[in-house]
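Residues per chain, in single letters:
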Amino acid sequence: MPTFVEFDGASRGNPGPAAIGYRVLADGDGVEGHEYIGEATNNEAEYRALRRGLERALEAGHTDVIAEGDSELVVRQVRGQYDVRAANLIDLYEDVRDLIAEFDDFEIRHVGRSDNDAADDLANAALDER
């Protein structure tokens, strides 16, 4: 059974104060986290949220992952449907691709904002706590 990684980034300004939220859900159990990441664009925050969620999944030994996020840009770039042209996203994209190579099975899905409330709430909580 796959492990689900839900991710979201939030930025108040573009760039502006930013934070990430993620949930790693497996077998009815899971971990979640959020953190303030300083000044970043929303897309940078989205990538950093995905990266952190994938890192947590690997640390827990999960090798079959389905990642879900509401950033169409990030999802399509990771799938190879869009090129990564923004200089500020290239290293983040490459970090994520390196992590993906460590999984036995990986899928990434775009979900609507209303289906990503938990990760969004976590990212916004980190911004509110700063």
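**Student:** Residues and numbers for the packing of helix α2 (residues 72–79) against helix α3 (residues 87–100), please.
**Tutor:** Look at α2 against α3: their axes get within 11 Å of each other, and the N-to-C directions meet at 60°. Relative to α3, α2 is oriented oblique. Handedness of the α2/α3 crossing: right-handed. Mapping the contact onto sequence places Leu73, Gln77 and Val78 in α2 and Leu89, Tyr93, Val96, Arg97 and Ile100 in α3. For the contact of α2 with α3, the class distribution of residues is six nonpolar, one polar and one charged.

**Student:** Explain the sheet that holds strand β4 (residues 64–69) residue by residue, including any values.
**Tutor:** One open sheet holds the five strands; their spatial order is β3-β2-β1-β4-β5, and the pairing between them is mixed. Where the open sheet ends on each side, the last strands, each with one partner, are β3 (29–40) and β5 (105–110). When the angles between neighbouring strand axes are averaged without regard to direction, this sheet yields 15°. By the bridge criterion, six bridges tie β4 to β5 in an arrangement that is parallel. Residue pairing across strands places Gly69 opposite His110, the latter belonging to β5.

**Student:** Pulling in residues and values, what's your account of the packing of helix α1 (residues 42–59) against α3?
**Tutor:** The contact between α1 and α3 brings their axes to 10 Å, and the two run at 20°. By the angle between their axes, α1 is roughly parallel relative to α3. Handedness of the crossing formed by α1 with α3: left-handed. Residues Asn43, Glu44, Tyr47, Arg48, Leu50, Arg51, Leu54, Glu55 and Leu58 of α1 form the contact with α3, whose participating residues are Asn88, Leu89, Leu92, Tyr93, Asp95, Val96, Leu99 and Ile100. The residue makeup of the contact of α1 with α3, split by class, is 10 nonpolar, two polar and five charged.

What counts, and where the lines are drawn
Residues numbered from 1 in each chain as written. Predicted model: local features only at pLDDT ≥ 70, side-chain atom pairs only at ≥ 80, totals over all residues. Heavy atoms only, no water. Axes fitted to C-alpha atoms, helices over the stretch in contact; angles between N-to-C directions. Helix = DSSP H or I, 4+ residues; strand = E, 2+ residues; numbered from the N terminus. Parallel < 35°, antiparallel > 145°, perpendicular 65-115°, else oblique. Left-handed = near helix turned anticlockwise from the far one by under 90°. Contact = heavy atoms within 4.5 Å. Nonpolar A, V, L, I, M, F, W, Y, C, P; charged D, E, K, R; others polar. Pairing = 2+ DSSP bridges.

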